[in-house]
Amino acid sequence: LYCLNATSGTLIWKKKAYTSGAVKACPTVLYNTVFATWHGMFEVTNTVGLDTKTGQTEKWRYRRVRSNEGAICADSVHLYFPSSDNVIETADIATEQTIFYKTGDHNKGSMVELDKDRVLYAKETAIGAYYKNSGVASWIVNVNNGADQDLSPLSSPAVATVTLNG
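Residues numbered from 1 in each chain as written. Predicted model: local features only at pLDDT ≥ 70, side-chain atom pairs only at ≥ 80, totals over all residues. Heavy atoms only, no water.

S.K.: How should I be thinking about the overall build of the chain in this particular structure?
M.R.: Within the chain, the regular secondary structure consists of zero helices and 14 strands. In sequence order, the chain lays out its α and β elements as β-β-β-β-β-β-β-β-β-β-β-β-β-β. Per-residue burial over the chain gives 46% buried out of 166 residues. Considering only residue pairs separated by 6 or more positions, the chain has 37% of its internal contacts joining residues 24 or more positions apart. Carbon and sulfur atoms make up 53% of the accessible area of the chain, which amounts to about 9000 Å² in all. (Helix = DSSP H or I, 4+ residues; strand = E, 2+ residues; numbered from the N terminus. Buried < 20%, exposed > 50% of the residue type's maximum accessible area, 1.4 Å probe, protein only. Contact = heavy atoms within 4.5 Å. Areas by Shrake-Rupley, 256 points an atom, 1.4 Å probe, with all protein chains shown as cover.)

Structure below.
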């Protein structure tokens, strides 16, 4: 995991994974903390929060998450995880405790905040909006089934409000 100066590209710090694996979820920065998931091949997966200035001080750790690939997102209270094993998993930032854990199909995917109440989860076979407080689907659209299916949709979905006329 690397921290670079946005103006010059100079390396500020780097952090080696805690496991034999690698950083597998796109980092998210909130409250002067870099949240990232370390995932080892046969080891426990952990999402940790590191100090943004040094990358060394572990300020937060969530030991249950199975976020293996793709982007995680956060709001002022919770971290939201897409995962290979679950539709959505959410942890409370203050307590490091699970808020909910929704089991789903085995998919890779990425997640972004859609609005104040929902997150958008883009995975191999579908794109869906899920309520932050429960993990219940607001809507789901099946996409790319068959030969055109993207088996590793690891880019982060983008969200914008657009006004359409006529």
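So that's the structure; there's more coming.
S.K.: Help me understand the pairing of strand β13 (residues 126-131), please; the structure alone is not making it clear to me.
M.R.: It is a general feature of regular strands that their side chains alternate between the two faces of the sheet. Note: strand β12 (residues 118-123) against β13, five bridges, orientation antiparallel. Among the inter-strand pairings, Arg118 is bridged to a residue of β13, identified as Tyr131. Remark: two residues form the turn of the hairpin made by β12 and β13, two consecutive strands paired antiparallel. As defined by bridge partners, β13 adjoins strand β14 (residues 137-142) across five bridges and the pair is classed as antiparallel. Across the sheet, residue Ala129 finds its bridge partner in β14, namely Trp139. Linking two consecutive strands that pair antiparallel, namely β13 and β14, is a turn of five residues; a positive phi of about 80° is found at Gly135 within it. (Pairing = 2+ DSSP bridges.)

S.K.: I would appreciate a short explanation of the side chain of Asp51 in the present structure.
M.R.: Within the element layout of this structure, Asp51 appears in strand β5 (residues 46-51). At 3.1 Å, the side chain of Asp51 forms a polar contact with the backbone nitrogen of Thr54. Those residues in contact with Asp51, other than ones at most four positions away along the chain, are Trp13, Asn32, Thr57 and Lys59. (Polar contact = N/O pair within 3.5 Å; in protein donor to acceptor, adjacent residues only side chain to side chain.)

S.K.: Explanation requested: the nonpolar core in the structure shown.
M.R.: Generally speaking, nonpolar side chains in soluble globular proteins are found buried as a group. By size, the foremost hydrophobic cluster in this structure holds ten residues: Leu30, Phe35, Trp60, Tyr62, Ile72, Ala74, Leu79, Phe81, Ala91 and Ile93. Elements represented by at least two residues in this core include exactly β6 (58-62) and β8 (78-81). Apart from residues no more than four positions distant in its own chain, Trp60 is found in contact with Phe35, Thr47, Val48, Gly49, Leu79, Ala91, Asp92, Ile93 and Glu96. (Core = buried A, V, L, I, M, F, W, Y, C linked by side-chain atoms within 4.5 Å.)

S.K.: Please clarify how the packing of aromatic side chains should be interpreted in this entry.
M.R.: One pair of aromatic rings is described through two measures. These are the centre distance and the angle between the planes. Overall, the coordinates contain two aromatic pairs when judged by the stated rule. With 5.2 Å between their ring centres and 90° between their planes, Phe35 and Trp60 make a pair best called edge-to-face. Note that Phe35 is positioned in strand β4 (residues 33-39) and Trp60 in strand β6, a separation of 25 residues in sequence. In this structure, Phe35 and Trp60 share a single accessibility class: buried. (Phe/Tyr/Trp six-rings, centres within 6.5 Å; stacked < 30°, edge-to-face > 60°.)

S.K.: Whenever I open this one, the environment of Gln97 confuses me. Can you help?
M.R.: As for its position among the elements, Gln97 is in the loop between β9 (86-92) and β10 (98-103). When its relative accessible area of 49% is taken as the criterion, Gln97 is described as partly exposed. When the C-alpha atoms of Gln97 and Arg61 are compared, they prove to be 9.7 Å apart, with 36 residues separating the residues in sequence. Once residues lying within four places of it in the same chain are set aside, the contact partners of Gln97 are Tyr62, Thr90, Ala91 and Asp92.

S.K.: Help me out: how do you make sense of the pairing of β5 in this one?
M.R.: Among the six residues that make up β5, six are buried, leaving the element largely enclosed by the rest of the structure. Of the strand pairs in this sheet, β5 and β6 are connected by four bridges, and their pairing is antiparallel. Bridging from a neighbouring strand, Leu50 pairs with Glu58 of β6. Between β5 and β6, which pair antiparallel one after the other, the connecting turn spans six residues, and Gly55 there sits at a positive phi close to 75°.

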